[in-house]
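A look at the structure
Here are the chains, one letter per residue:
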There are 6 protein chains.
Amino acid sequence: MVQMAELDWMTYQSRVNTKGCLIFLPVGALEQHGPHMSMNPDVLIPQAIADAVTDRLDNAMVAPPIAYGYKSQQQSGGGNHMPGTTSLDGHTLSCTIRDIIRELVRHGVRRIVLMNGHYENSMFIVEGVDLAIRDSHHNGVEDLNIMILSYWDFVGDDTIKRLYPEGFTGWDLEHGGVMETSLMMHLYPDLVDISKIIDHEPAEFPPYDMFPVDPSLTPASGTLSSAKNATPEKGEILMKVCVTGITDAVRKKFSSIPIISDPAR
Amino acid sequence: MVQMAELDWMTYQSRVNTKGCLIFLPVGALEQHGPHMSMNPDVLIPQAIADAVTDRLDNAMVAPPIAYGYKSQQQSGGGNHMPGTTSLDGHTLSCTIRDIIRELVRHGVRRIVLMNGHYENSMFIVEGVDLAIRDSHHNGVEDLNIMILSYWDFVGDDTIKRLYPEGFTGWDLEHGGVMETSLMMHLYPDLVDISKIIDHEPAEFPPYDMFPVDPSLTPASGTLSSAKNATPEKGEILMKVCVTGITDAVRKKFSSIPIISDPAR
Amino acid sequence: MVQMAELDWMTYQSRVNTKGCLIFLPVGALEQHGPHMSMNPDVLIPQAIADAVTDRLDNAMVAPPIAYGYKSQQQSGGGNHMPGTTSLDGHTLSCTIRDIIRELVRHGVRRIVLMNGHYENSMFIVEGVDLAIRDSHHNGVEDLNIMILSYWDFVGDDTIKRLYPEGFTGWDLEHGGVMETSLMMHLYPDLVDISKIIDHEPAEFPPYDMFPVDPSLTPASGTLSSAKNATPEKGEILMKVCVTGITDAVRKKFSSIPIISDPAR
Amino acid sequence: MVQMAELDWMTYQSRVNTKGCLIFLPVGALEQHGPHMSMNPDVLIPQAIADAVTDRLDNAMVAPPIAYGYKSQQQSGGGNHMPGTTSLDGHTLSCTIRDIIRELVRHGVRRIVLMNGHYENSMFIVEGVDLAIRDSHHNGVEDLNIMILSYWDFVGDDTIKRLYPEGFTGWDLEHGGVMETSLMMHLYPDLVDISKIIDHEPAEFPPYDMFPVDPSLTPASGTLSSAKNATPEKGEILMKVCVTGITDAVRKKFSSIPIISDPAR
Amino acid sequence: MVQMAELDWMTYQSRVNTKGCLIFLPVGALEQHGPHMSMNPDVLIPQAIADAVTDRLDNAMVAPPIAYGYKSQQQSGGGNHMPGTTSLDGHTLSCTIRDIIRELVRHGVRRIVLMNGHYENSMFIVEGVDLAIRDSHHNGVEDLNIMILSYWDFVGDDTIKRLYPEGFTGWDLEHGGVMETSLMMHLYPDLVDISKIIDHEPAEFPPYDMFPVDPSLTPASGTLSSAKNATPEKGEILMKVCVTGITDAVRKKFSSIPIISDPAR
Amino acid sequence: MVQMAELDWMTYQSRVNTKGCLIFLPVGALEQHGPHMSMNPDVLIPQAIADAVTDRLDNAMVAPPIAYGYKSQQQSGGGNHMPGTTSLDGHTLSCTIRDIIRELVRHGVRRIVLMNGHYENSMFIVEGVDLAIRDSHHNGVEDLNIMILSYWDFVGDDTIKRLYPEGFTGWDLEHGGVMETSLMMHLYPDLVDISKIIDHEPAEFPPYDMFPVDPSLTPASGTLSSAKNATPEKGEILMKVCVTGITDAVRKKFSSIPIISDPAR
């Protein structure tokens, strides 16, 4: 695994100028995830996955993650009224992504993977990427290719059945639940205290959102489903599934994109 | 049904000052929906639903819809590279929503329903609402309540089973498919030409997005699933389900919110 | 008359690719216009004119109007403190126009007419157009031509003498007066209730503006001159004059602009 | 006449804390005005008027003028394609005005006159003022009163008849014509070279605008009407009319506005 | 040392509600620092200092650092044309800081220390803080106190004489030089490779800056002075001086600021 | 000395089209400078220097100065809480600079010197210049060269020793002190009243900044060091040193930059 930030610039430059160079940019959040877990799983998990995928690729690097994300929504993260959750305005997040991509393109990078770990970020990442591609067209760069993914989209139905024998309530309600807790138990056991897990029924939400949020709809724990059934073994399985799936997707997708000889401007 | 724009201002003011006043703001898009349909279902459908719900409520009005929405995404709308699709930057859409809410609040309105008809709008509506609520706090308005909903979230599993006996592929792939086409056949038959429906397998997408979009992943029709099985009868059912569900939700939610006597600033 | 939004995308694309394609974009407002009239004349009138002009041209279409405009000014619209008037910040409006033009240009459109129906919009339309042209230069598009017009500027002195035998007080004071009311009586008689017209002397304003507005300077009706003399016949005359004048202007101006073969980017 | 910038801060503070304190903020432009005149009349003239009005008031000061304005429009300034014309984006100008007002309010100033010298600035001044008032409401300041004026609006019909015996073509076409040239000959004779005046018929424009501008519609001189009949005597008359009118307006308007004891925040 | 992100939200909330709670927010950069060092010293060093200071205070926490900073300037960082350096627009950085502070204030935090590690960030941090304080005033929060510091400002003349017996060329030229390299050797020896240090005379710059940058003025190494004399011992001394100085400053300054009982809004 | 604003546009255009044309843009502030001096030294001094340098160059002009600058900081200007100090948000200032440069480039100017007179402006000027250069690249302009300087950086150690025989406390503390006061006594004696100079020890500040500012740290005078030793003779020396140094720098730097034949777009 290669952390871009841990390279000196000459080594970095040399890697960028080598065929196939690809950068992963993890995009996370600082968000409450229940009383049993730290507030950084949305950044630690995609970073860990990016690290592992990088190990499996020829010339990939991981850029420093974006540690603050878009505002937590009640039906997918408990809501942005919760203490600890620390979020950016949407335009701030989109501009951050646009700016970082602009700089990577200036270095000569043409292959970037935005690795999202926080559901609410998705559309603001899309907007940042769209603005960056618009800018790069203005600079005459036409061979920039950017992948956006959220790691849980690589967890297939088979794995879901295996991990949730009692039934799966959907990724939205997984906030602070089995998936994230298992991954954190596997990756950062010190940041999970299973004795503090609050077992509760999955949150139930109406088919709409109210603003300001009605706090009583969020379970008192801040989690949307119970992490009771989380285990490090499930975390290992999830990690393997995501790393394998993303590695394959990246390998396949980017090998099919022609590289234009295009010195960075 | 009461169109806010069709009232004279004195009548409008009087309605705003009457207990329980509520405004629906439809948020749509101008987006291709296949060769068999006009490009405005995302604005006409939520507007029609808002009109019908308004008929069932005591003192509700429909504001002029926002006719342009956020950029179409490939996996839910075919992609923003398609001809005809005409989209706003995310920040522009959020600011539009913030501004309109600010003005409604100035009039004295405290109950607003954002009725979304275009999947990609959701998070930018959320951001606009969040900015508007922040502003209204600065003005000392503390009793503003805003509901955000997308009409398809009111179509329950029973209805889905009834309408999709052959199986349901998810709302994302419904772009230009059975749901939207049926609703348009019911509401605006002149804007649908079923002879031009292109029957095709549902689009298949990988668990990630590429930018720029690979146009070959979007079916040539621009639709993501076939509208072949669309009928006006299904549209009528959908309409009834959405109107009933939204009416009930609005009635229940807003009756439970206390009205503070709060003259508009 | 061809509504862009009512076409399917393939038909739209085909029209865009046909010689001489031109798009009208009506820009209106949601603004009080006195107790005798709905709040949407600033959007309905330019839309109706655009529709009629489109009928007289070979390959023209009307895009969905922008339904919310810039803040009403006291001396031309009664002021933005009035209930019902629902306005955007200037930057929001300019960005909306910039974004829509950017998208039309992406489709391949090179001839656009901004049809304004709300006096206060003018400069923010200009700014949106200027930003859009700057962007399109960055994309290498050099043959984009945009016309901005306000329909009342096509009402010549002869017509004014005919319609205002008792004397004309200027377009500014026409807010909710004879011109707009006559046009609405001709076009949308159901949205005018002449029994509610409040007859009053034209508003008198000092040669400056105060902010916050002194509401006592705006007539209690919200109109700036009396609509008492409005008739549907005058509306028909105005409509004919505007449609003829604008048709001629568009025909003449755009036929003289060379079409560069320029595939949309 | 008291220039705010030429005071030391303690003297300034003392004046602000004295009853009736009022600040004039001239808003100008750097814009070509024909071959016979400098490019700064739009800032020098309102500044000179503000200076003279200040002499006639008890406790008024002139803030440093804003020297760059909004983009010149063809029908009122020749167009922003002209060399020398140096303009700001609309949002930049509005934000500049908002920021300056915010600071004056912080000092304790509650009476401000925006003295405009450039037609195209008007709406962006309005927007800046609106944003500043919104901000000041958020800070609990409710007694801020701002006047916006363009000096030529104080030139009445009598003066027009006297100065334009041959007929008046409207303020728009006065760009670089008799009014501005006469005022500059009176105020800054060194900045006018009457030998370079190009005598031409008033520009004729269609009732619409094209973007990009068709440069051939702007007279080769850059002026929109001939300055041939300009004289310093006319400038003196105009100056007197404007100074008297504005002094009277300010005296009357601001004496009627109650002063709330309101320490600056 | 307490990492805010590693706490669960209930523990965090409890700490925030406890007297004297203070948050450190490190603000760094991703910037080349010569061939002998990683590109993250500007974020790792302030983070390490914040961690150590936190250990010495009763109830302090460290928020996740901002990992991307403002554009590198030639005379203090080699210039933003260098490969690897990855920077944000100024407004993006200011908005990020404003947003994070807004959220901390929402949690109830009233004491924040912005710990800067990248010279070029300073003024954009100031702007972000100013905007955040303005916002918090609008929310009625009047007891927010924010300290901004750059750690090297705590290195006094005595230490400088001790560490630079051969003479000190100023903090600007210390980019990638003795100070940063020594600190990194002490804190993160694995991220320094002293064998790659390029020994060169301090960069010499004229008393002005050119844009675009003339790359030949930046030493080929990217460092502005030689790190040859860097040692981990010097790093330890620097660390001790900074940690002690900042601890004392924070203790003294914040103990003197009264705590208003002020529940977060 | 040639004031751009005092030229007619044809003369200006002719000068721009002549080899070597260069524009100085002074960037100042409206900021308290103690009880003994006006609030405009930060704009008058760089303007005077620009004027004098222009006299010594072949084809240089001075554009109208930007009269409002970034927020005064306590350790370099007393703080932005001071009465009289009237500042812009950072983004407003950067956009102003970006816009003016964009326009000069449109005219055909390729050599611009930003002459700063207010310490706090520096980084926002840098950002404005960076944004302008980015834009000009999008327009295909590749030969734009911009110098940014603050005049005091041209005062060398020899001059400092001569002017401050009693010892020099650094440029930061020179706010309203010997340098600025001497220059104003030399250039604008009427704007200085030496009888009001408050003699005090140099301000002492901790190595950090607090927001909101603790006003007690700013000397009651608003100056950061005493102007007691200011004389017009010192002002003359400073003026000579700056004018000579800047003239030489500009001559040398710009003669070495090749002129590409590049008609303005």
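Everything that follows concerns the structure shown earlier in this document.
Residues numbered from 1 in each chain as written. Chains lettered and ligands numbered in written order. Predicted model: local features only at pLDDT ≥ 70, side-chain atom pairs only at ≥ 80, totals over all residues. Heavy atoms only, no water.

Considering the environment of aspartate 157 of chain B
All names here are of chain B. Condition: Helix and strand labels come from DSSP, where a helix needs a run of H or I of at least four residues and a strand needs a run of E of at least two; each type is numbered from the N terminus. Think of it in three bands: with a 1.4 Å probe and only protein chains considered, a residue is buried below 20% of the maximum accessible area for its type, exposed above 50%, and partly exposed in between.
Tracing the sequence through the fold places aspartate 157 in helix α6 (residues 157–163). We classify aspartate 157 as exposed; its relative accessible area is 57%. Aspartate 157 sits 11 residues away from phenylalanine 168 along the chain, and the two C-alpha atoms are 9.9 Å apart.

Looking at the side chain of aspartate 89 of chain B
Put simply, the rule reads: For the purposes of these results, a polar contact is taken to be a pair of N or O atoms within 3.5 Å, where, inside protein, one atom must be able to donate a hydrogen and its partner to accept one; residues adjacent in sequence count only when each atom of the pair is a side-chain atom. The criterion used for residue contact is that any of the two residues' heavy atoms lie within 4.5 Å.
For aspartate 89 of chain B, the location among the structural elements is in the loop between α3 (74–77) and α4 (90–107). Judged by its relative accessible area of 7%, aspartate 89 of chain B is buried. In terms of polar contacts, aspartate 89 of chain B uses its side chain to reach the side chain of arginine 134 of chain A, at 2.7 Å. A polar atom in the side chain of aspartate 89 of chain B sits 3.1 Å from the side chain of lysine 71 of chain B. Not counting residues within four places of it along the chain, the set of residues in contact with aspartate 89 of chain B comprises Glu127, Leu131 and Arg134 of chain A, Tyr70 and Lys71 of chain B together with Arg98, Asp99 and Arg102 of chain C.

Let's talk about the relation of the copies chain E and chain B
Defined as follows: Here the copies are superposed with least squares, the fitted atoms being C-alpha atoms of residues at a pLDDT of at least 70 in both.
Overlaying chain E on chain B yields an RMSD of 0.0 Å, the required transformation being a rotation through 120 degrees with an accompanying axial translation of 0.0 Å. One copy is carried onto the other by what is essentially a three-fold rotation axis. Residue histidine 138 of chain E of chain E places its C-alpha closer to the rotation axis than any other residue of that unit, at 3.1 Å.

Quick notes on the pattern of salt bridges
To keep things clear, this is the line we draw: For salt bridges, the criterion is a side-chain nitrogen of Lys or Arg within 4 Å of an Asp or Glu carboxyl oxygen.
Here the structure, examined in full by the defined rule, presents 90 salt bridges over all chains. For arginine 102 of chain D, the salt bridge is made with aspartate 99 of chain D, and the minimal N-O distance between the two is 3.2 Å. Placement of the pair is arginine 102 of chain D and aspartate 99 of chain D together in helix α4 (residues 90–107), with a separation of three residues, close to one helical turn. The shortest N-O distance in the salt bridge between arginine 134 of chain E and aspartate 130 of chain E comes to 3.7 Å. Residue arginine 134 of chain E and its partner aspartate 130 of chain E are both found in helix α5 (residues 122–138); the two are separated by four residues, about one turn of the helix. For arginine 134 of chain E, a relative accessible area of 16% translates into the label buried.

Let's talk about the interface of chain D and chain F
Filter applied, for reference: What gets called buried area is simply the loss in accessible area from a 1.4 Å probe that two parts show on being joined, summed for both. Throughout, the ten residues Ala, Val, Leu, Ile, Met, Phe, Trp, Tyr, Cys and Pro are labelled nonpolar, Asp, Glu, Lys and Arg are labelled charged, and all others, Gly among them, are labelled polar.
Taken residue by residue, the interface counts 52 residues in chain D and 53 residues in chain F. At the boundary of chain D with chain F, total buried surface from both sides reaches about 3700 Å², with 59% on carbon and sulfur atoms. The largest share of the area that chain D buries against chain F comes from Trp9, Tyr68 and Pro83 of chain D, three residues that together contribute 18% of it. Scanning the region where chain D abuts chain F turns up six salt bridges. Here lysine 196 of chain D makes a salt bridge to aspartate 8 of chain F, at a shortest N to O gap of 3.4 Å. Summed over the shared surface of chain D and chain F, the result is 36 residue pairs in polar contact (both at pLDDT 80 or more). Sorting the residues of the side of chain D that touches chain F by element identifies α1 (9–16) and α4 of chain D as the ones contributing at least two each. Across the side of chain D that touches chain F, the residue classes break down as 24 nonpolar, 19 polar and nine charged.

Structural notes on the pairing of strand β1 (residues 22–27) of chain D
Residues and elements named next belong to chain D. For clarity, the threshold we go by: Pairing between two strands is assigned when DSSP locates at least 2 bridges connecting them. With the strands aimed away from the viewer, a crossover counts as right-handed if its path from the first strand over the helix to the second runs clockwise.
Buried residues dominate β1, accounting for six of its six residues. Where burial is concerned, the two faces of β1 agree: the one with Leu22, Phe24 and Pro26 and the one with Ile23, Leu25 and Val27 are both buried. Sheet topology places β1 next to strand β2 (residues 60–62); three bridges connect them, and they run parallel. Within β2, the position partnered with phenylalanine 24 by the bridge is valine 62. One crossover worth recording links β1 to the parallel β2 by way of helix α2 (residues 41–55), and it is right-handed. Taken together, the five bridges between β1 and strand β3 (residues 111–116) define a ladder with parallel strand orientation. Note on β3: the bridge partner recorded for valine 27 is asparagine 116.

Section: the interface of chain E and chain B
The interface is formed by five residues belonging to chain E together with four residues belonging to chain B. Summing the contributions of chain E and of chain B, the shared interface buries around 370 Å²; its carbon and sulfur component is 33%. For the interface between chain E and chain B, the tally reads zero salt bridges. On the surface where chain E and chain B come into contact, there are one residue pair in polar contact (both at pLDDT 80 or more). Of the residues contributing to the side of chain E that touches chain B, the split by class is no nonpolar, two polar and three charged.

Examining the nonpolar core
Heads up, the rule is: Side-chain atoms within 4.5 Å link the members of a nonpolar core, which is a set of buried Ala, Val, Leu, Ile, Met, Phe, Trp, Tyr and Cys residues.
Within the largest apolar cluster, 252 residues are counted, with the highest numbers of intra-cluster contacts made by Leu114 of chain A, Leu114 of chain B, Leu114 of chain C, Leu114 of chain D, Leu114 of chain E together with Leu114 of chain F. Setting aside residues up to four positions removed in sequence, leucine 114 of chain D forms contacts with Leu25, Val27, Ile97, Ile101, Ile125, Val129, Ile146, Met147, Ile148 and Leu149 of chain D.

Structural notes on the relation of the copies chain D and chain F
With an RMSD of 0.0 Å, the operation that places chain D on chain F is a rotation of 180 degrees combined with a shift of 0.0 Å along the axis. Seen this way, the second copy is the image of the first under a two-fold rotation axis. Measuring from the rotation axis to each C-alpha of chain D, the shortest distance belongs to threonine 92 of chain D, at 3.0 Å. Interface residue correspondence from chain D to chain F reaches 100%, placing this contact among same-surface, isologous pairings.

What about the sheet that holds β1 of chain D?
Heads up, the rule is: Lines are fitted to the C-alpha atoms to define the axes, a helix being fitted only along its stretch in contact, and any angle between axes, read from their N-to-C directions, falls within 0 to 180 degrees.
Read from one edge to the other, the open sheet built from five strands follows the order β5(C)-β4(D)-β3(D)-β1(D)-β2(D), with strand pairing classed as mixed. The outermost strands of the open sheet, each flanked by one partner alone, are β5 (209–211) of chain C together with β2 of chain D. Averaged over all pairs of adjacent strands, the angle between their axes in this sheet comes to 20 degrees, without regard to strand direction. As paired elements, β5 of chain C and strand β4 (residues 145–150) of chain D share three bridges and run antiparallel to each other. The residue of β4 of chain D that forms the bridge with phenylalanine 211 of chain C is isoleucine 146 of chain D. Relative to the sheet, helix α5 (residues 122–138) of chain D contacts β5 of chain C together with β1, β3 and β4 of chain D, its axis offset from that of β4 of chain D by approximately 175 degrees. Sheet strands in contact with helix α8 (residues 232–255) of chain D are β5 of chain C together with β1, β3 and β4 of chain D, and its direction is about 160 degrees off that of β4 of chain D.

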